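Working through the structure, step by step
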Amino acid sequence: MESLLWIGFFGLILLLLAVDLGAHRRRPQVMPVRVALAWVFFYIALAVGFCAFIYFSYEFNWLGAGLEWREDLTGTEAALKFFTAWLLEWSLSVDNIFVIAVILSYFQVPPGQQHRVLFWGILGALVFRGLMILAGVALIRRFDWIVYVFGALLLLTALRMLTASQESVDPRKNPLVRAFGRLFPMTDGFRGSAFFVREGGRIFATPLALALLVVETTDLLFAVDSIPAAFAVTTDPFLVLTSNIFAVMGLRALYFALAGLMDKFRYLKLSLVVILAYVGVKFLVSQHFHIPAWVSLTVIAGCLFLGILASVLHSDTSPPLSPAPAEGETEGG
């Protein structure tokens, strides 16, 4: 019976993707900040609404919700774990936006084409993250010691995030980019919204395809860090997958809402470091000490609030990292 829950959820996601694609396929254009913010609030409201659905479905075992998994959750516990995992994934996706902004700027993707790259990048992320979550569930349930590996991985990620900067991203060092370049010759510039074109009887890849490849592989690296963090909250695959997908679905709108303000949140990265370190420690002690979900939610929300508040109170006057200018444009317009 629980399979109907999965079918219904994926049906909802496909509907949202169809609406998203239909709303932006008419002509390439830059998404205004007010429109991006409206989409962000829409996805937040959708996640909150789904959280209410989680409560009722687990409380009354609609379609067998929660009965097939090892965790015996009440409606309140399931809703709290979903919301905590969603907030965790959503907050970690903010750091992903930093890197995506650098990648799109590096390839000088025109603002009107950035939505296309992000849409197909997110679509690929949904597929790969789903496969990784299913693999993670199988590992956790077969090998109890894997939680220590996940915990150590999150602590190393926190340390790496503390010492690294988004300016260090160099797509030329990506082995997939080098392999891609050997498979497909590149055009000398963009060809509208096309990823591949046929010229002179040969298939060429455009810089847009290369940007998509780097965005996709970068998200996979982030998923290696963020998915174990969600497993520290719950091992219920339905809660992990749905919270992760809701966070990723709002990533595109969040990028257009915040890309021009990234440097203003100077302390937000430090908040993410603390969050990852906390989740890593929670994983390491999970076999010996239970930390309630409400404590994790308080820590994550509190760290985000303090990071944003400190950034606002100590705002930086340095120029923001904004999307790359359109092809042929100059900084002076």
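Residues numbered from 1 in each chain as written. Predicted model: local features only at pLDDT ≥ 70, side-chain atom pairs only at ≥ 80, totals over all residues. Heavy atoms only, no water.

Notes on the overall build of the protein chain
Tallying secondary structure elements over the protein chain gives 11 helices and 2 strands in all. When the 333 residues of the protein chain are sorted by exposure, 50% land in the buried category. Pairs at least 24 residues apart make up 81% of the contacts formed inside the protein chain by residues separated by at least 6 positions. Summed over its atoms, the accessible surface of the protein chain is roughly 16100 Å², and 68% of this surface lies on carbon and sulfur atoms. (Helix = DSSP H or I, 4+ residues; strand = E, 2+ residues; numbered from the N terminus. Buried < 20%, exposed > 50% of the residue type's maximum accessible area, 1.4 Å probe, protein only. Contact = heavy atoms within 4.5 Å. Areas by Shrake-Rupley, 256 points an atom, 1.4 Å probe, with all protein chains shown as cover.)

A few points about the environment of Gly 136
Secondary-structure assignment places Gly 136 in helix 4 (residues 111–142). In this structure Gly 136 comes out as buried when scored by relative accessible area, which is 5%. Taking the C-alpha atoms as reference, Gly 136 lies 9.0 Å from Pro 237; in sequence the two are 101 residues apart.

A few points about the packing of helix 4 against helix 7 (residues 207–231)
Axis separation between helix 4 and helix 7 bottoms out at 8 Å; the angle between their running directions is 35 degrees. For the pair helix 4 and helix 7, the crossing hand works out as right-handed. Among the residues forming the contact of helix 4 with helix 7, the class breakdown is 18 nonpolar, 5 polar and 4 charged. (Axes fitted to C-alpha atoms, helices over the stretch in contact; angles between N-to-C directions. Left-handed = near helix turned anticlockwise from the far one by under 90°. Nonpolar A, V, L, I, M, F, W, Y, C, P; charged D, E, K, R; others polar.)

As for the pattern of salt bridges
Inspection of the entire model under this criterion finds 2 salt bridges. Arg 191 is paired through a salt bridge with Glu 199; the nearest N and O atoms lie 2.8 Å apart. (Salt bridge = Lys/Arg side-chain N within 4 Å of Asp/Glu carboxyl O.)

Remarks on unusual backbone geometry
Here Gln 108, not a glycine, exhibits a phi torsion of approximately 55 degrees, which is positive. For Gln 108, the location among the structural elements is in the loop between helix 3 (75–106) and helix 4. What makes Gln 108 exposed here is its relative accessible area of 54%.

A look at the pairing of strand 1 (residues 196–199)
Where strand 1 and strand 2 (residues 202–205) come together, 4 bridges link them in antiparallel fashion. Within the sheet, the bridge partner assigned to Val 197 lies in strand 2 and is Phe 204. Hairpin connection between strand 1 and strand 2: a loop of 2 residues separates the two successive antiparallel strands, and Gly 200 in this loop has a positive phi of roughly 60 degrees. (Pairing = 2+ DSSP bridges.)

Remarks on a nonpolar patch on the surface
Taken together, the side chains of Leu 159, Leu 162, Tyr 267, Leu 270 and Val 274 define a hydrophobic patch exposed on the protein surface, amounting to about 440 Å² of accessible area. Of all the secondary-structure elements, those providing two or more residues to the nonpolar patch are helix 5 (146–163) and helix 10 (268–285). Tracing the backbone through its elements, the reader meets Leu 270 in helix 10. The exposure class assigned to Leu 270 is partly exposed, which follows from its relative accessible area of 46%. (Patch = residues over 30% accessible without salt bridge, like charges linked within 9 Å, V, L, I, M, F, W, Y side chains within 5 Å.)

Some thoughts on the packing of aromatic side chains
In this structure the tally under the stated criterion is 20 aromatic pairs. Judged by centre distance (6.3 Å) and plane angle (40 degrees), the rings of Phe 50 and Phe 238 are tilted. In this pair, Phe 50 sits in helix 2 (residues 33–59) while Phe 238 sits in helix 8 (residues 237–249), placing the two residues 188 residues apart along the sequence. Of the two residues examined, Phe 50 and Phe 238, each falls in the buried class. Members of the aromatic cluster, each reached through a chain of ring pairs, are Trp 6, Phe 9, Phe 10, Phe 50, Phe 53, Phe 82, Phe 238 and Phe 246. (Phe/Tyr/Trp six-rings, centres within 6.5 Å; stacked < 30°, edge-to-face > 60°.)

What to know about the environment of Phe 82
Its place among the elements puts Phe 82 in helix 3. With sequence-adjacent residues up to four places away left out, Phe 82 is seen in contact with Ala 47, Phe 50, Cys 51, Ile 54, Leu 239, Thr 242, Ser 243 and Phe 246.

A short note on helix 10
The periodicity of an α-helix, 3.6 residues per turn, causes residues three or four positions apart to be oriented the same way. Between the first and last C-alpha of helix 10 there are 26 Å, a value that for 18 residues agrees with the 26 Å anticipated at 1.5 Å per step. Buried within helix 10 we find Leu 268, Lys 269, Ser 271, Leu 272, Val 273, Ile 275, Leu 276, Tyr 278, Val 279, Gly 280, Lys 282 and Phe 283. (Expected span 1.5 Å × (residues − 1).)

Structural notes on the packing of helix 4 against helix 8
Two numbers describe how helix 4 lies on helix 8: the axes approach to 10 Å, and their chain directions differ by 155 degrees. Comparing their axes, helix 8 and helix 4 come out roughly antiparallel. Crossing angle aside, the handedness with which helix 4 passes helix 8 is right-handed. Of the residues in helix 8, those touching helix 4 at Ile 122, Ala 125, Leu 126, Arg 129, Gly 130, Ile 133, Val 137 and Arg 141 are Pro 237, Val 240, Leu 241, Asn 244, Ile 245, Val 248 and Met 249. When its residues are assigned to classes, the contact of helix 4 with helix 8 shows 11 nonpolar, 2 polar and 2 charged. (Parallel < 35°, antiparallel > 145°, perpendicular 65-115°, else oblique.)

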